[in-house]
Amino acid sequence: MPEFGSDRVETLPIPVPASAWSALLSAPSQGRKWPGVARAAATVALPGLGGLAFGSGSVSAVATLGAFAVVYGEGRPYRVRWRVVALVGVVLVVLAGLGASVGALVHALDASPGWWLLMIGVMTAVVAVGAYAVDALRTGPPGAFLPLLCVVIASTLPSEGVPVPSVLGWTALGAVSALVVAMSGFPFRPRTPERTAVGDAVRDVEAMLAENSPPRRRDAVRSLHGAWQCLHDAGLVRTVPGEPPHALVRTLHAAHLRCAAALHGVPHDAASPEDDLHAHMPLRRPQAGHLLARAWNPHGRTATILVRLLVACPVAGVLALVLDTGRPDWAVITTAMILHQGPDRVLGTHRAAHRFLGTVAGLVLLAALWYLEPRGAALVLVLAALMAAIEAFLVRHYGIAMAAITPLAMILGGTGLPGDLGPAIRDRMIETVIGVAVALAVMWGVLPRAHRRILSDADARVAAGVANLAHETGETERRRLRRDLAFDLQASTAAAIGAAHTEPRWTAERWTEHHALHEQGYRLLAAPSGSD
């Protein structure tokens, strides 16, 4: 067993993807979810029930579009949560206005094919911009999904008699509700997000120490990384001469060291991105503007995602238009949501299966609701329950989340349950099949060797970061380079995993060199430095 705190990086076997059966059925642990689930439900219920009480009718449910913002604040300390939720709320209002305006134009012109092409183009542009930001910042789920869903739903509302100003107003009300609910705990327990993150990490580490299996390791290391970023965002990870670290930092650091010692002391039967944990404290992520600028790189993973989206989204939309489905934009969103989370073709195929099966389950749920015919307050509560399910499962299991997203989107798009269930289900299934088929064809057929270029570029960035940090003497610049190197090492690990999934033999030939580079990088990061 290597000495505790060693800088040595283990040589791990080539990663192998989870089995298709495991990918379909497993739902990773996400700690204590019920407060976030309750907030998601409340954010939808409050403006919806309030609108009904003041006589606004079913149109008040449109506030759900702005309520999507609450999801993006979960897990974040209050210090940054309000900014994130407010920013996403503004984006949702703008996108709702854009979608409703284009939808009103298409509806006014009797939905001619030429104007549907405009809608397809707008959606493609929105998802391209969203995917760029999501991948550059490595935000993970839900990514650009809910903003794009907002555009799609808003685009249907003018045909249901909801004018553009009403769409904007109700979406804005939902965004305000999201901000109020997201910050509701701050006056009473301002450190709850940080305590929850650290508590979840400690619990997952204890579980991993009791059973050192790949799923337990993934849960523990994912929780540790999340907790460290939470403490960084809260401003608690700082070095002040003469002052001890914050109690939460000390607790998390102790759990981190125990986890790192266990990971590097027990042979692994497979590598995973989450096993990329070492004894030194993880650094704060680089600034968002810096990451957005660095992602503009034709050789990186972001460029691959964009190319595939720009090919797939128009093709899916045009195919749905040719087949005369009711909403070709649903085919576009299906394709976009499979492709926009990353270039890994194996994981993308799993997402496609989740999307299809989740949509089928969601249509079954919609049929059950159609027969029950909830109206008024009952319908608002149904939407609140669906939003709660989305919050509970969107990160843990995309298929289950889709089973809730499908009826929610169809109810919101028609400001109520569909009048004619059969055609609505038929069209949604056709559009889903088109979207999934196009996404899979593009994922496997467009830039088939992109994984080679992505890994080479990621390792080149690590090598450049190592060289720059080794020769830099200015403390301010060294702090920036250390943060960049830590981020690039994680990106390189993800690139290696994707390459190993796609082309194991090619990746195996470069695995030793890849790990030697990581060993050098982590040794530099483990060296004593000033506050980061």
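Undergrad: So what's going on with the packing of helix α9 (residues 214–233) against helix α10 (residues 247–263)? Residues and values would help.
TA: Their axes nearest at 11 Å, the elements α9 and α10 cross at an angle of 150°. Relative to α10, the element α9 lies roughly antiparallel. Both α9 and α10 take part in a crossing whose hand is left-handed. Counting all contacts with α9, which are made through R217, A220, V221, L224, A227, W228 and L231, the residues of α10 involved are L248, V249, L252, H253, A255, H256, C259 and L263.

Undergrad: So, helix α14 (residues 345–372): which residues are in play, and what are the values?
TA: With 28 residues, α14 ought to run about 40 Å at 1.5 Å a step, and its terminal C-alpha atoms sit 40 Å apart, in line with that. If you check the start of α14, you find a side-chain oxygen 3.0 Å away from the backbone N of V346, and it comes from D344. With its phi angle positive at about 55°, E373 sits one or two positions after the end of α14.

Undergrad: Describe the side chain of D344, with residues and values.
TA: Relative to the elements of secondary structure, D344 occurs in the loop between α13 (328–339) and α14. One buried charge, D344, has no salt-bridge partner; the nearest side chain with opposite charge is R351, at 7.2 Å. A distance of 3.0 Å separates a polar side-chain atom of D344 from the backbone nitrogen of V346. In terms of polar contacts, D344 uses its side chain to reach the backbone amide nitrogen of L347, at 3.1 Å.

Undergrad: An account of the environment of T192 is requested, with residue identities and associated values reported.
TA: Within the secondary structure, T192 sits in helix α8 (residues 192–210). The spacing of T192 and P77 is 115 residues in sequence and 7.9 Å in space, taken between C-alpha atoms.

Undergrad: Tell me about helix α20 (residues 504–526), and name the residues and values.
TA: At R510, α20 is bent by approximately 50°, the largest bend along its length. Among the residues of α20, W506, T507, W511, H514, H515, L517, H518, G521, Y522 and L525 are the ones counted as buried. If you follow the buried residues of α20, they end up packed against α18 (450–471) and α19 (475–502).

Undergrad: Let's hear about the packing of α14 against helix α17 (residues 421–445): which residues, and what values?
TA: Closest axis-to-axis distance for the α14/α17 pair is 10 Å, and the angle between their directions is 175°. The angle between the axes of α14 and α17 places the two elements in the roughly antiparallel class. Partitioned by chemical class, the residues of the contact of α14 with α17 number 16 nonpolar, four polar and three charged.

Undergrad: A description of the confidence of the model for the protein chain should follow, citing residues and the corresponding values.
TA: Taken residue by residue, the protein chain gives an average pLDDT of 86. The fraction at 70 or more is 89%. Within the protein chain, no element has a lower average pLDDT than helix α1 (residues 20–25), which sits at 67, and none a higher one than helix α7 (residues 164–182), at 95. Predicted confidence for residues 267–271 stays below pLDDT 50, and this span has 16 contacts to residues more than four positions away or in other chains.

What counts and what doesn't
Residues numbered from 1 in each chain as written. Predicted model: local features only at pLDDT ≥ 70, side-chain atom pairs only at ≥ 80, totals over all residues. Heavy atoms only, no water. Axes fitted to C-alpha atoms, helices over the stretch in contact; angles between N-to-C directions. Helix = DSSP H or I, 4+ residues; strand = E, 2+ residues; numbered from the N terminus. Parallel < 35°, antiparallel > 145°, perpendicular 65-115°, else oblique. Left-handed = near helix turned anticlockwise from the far one by under 90°. Contact = heavy atoms within 4.5 Å. Expected span 1.5 Å × (residues − 1). Polar contact = N/O pair within 3.5 Å; in protein donor to acceptor, adjacent residues only side chain to side chain. Buried < 20%, exposed > 50% of the residue type's maximum accessible area, 1.4 Å probe, protein only. Lys, Arg positive; Asp, Glu negative; His and termini not counted. Salt bridge = Lys/Arg side-chain N within 4 Å of Asp/Glu carboxyl O. Bend = angle between axes of the 7 residues up to and from the residue. Nonpolar A, V, L, I, M, F, W, Y, C, P; charged D, E, K, R; others polar. pLDDT = per-residue confidence, 0-100.

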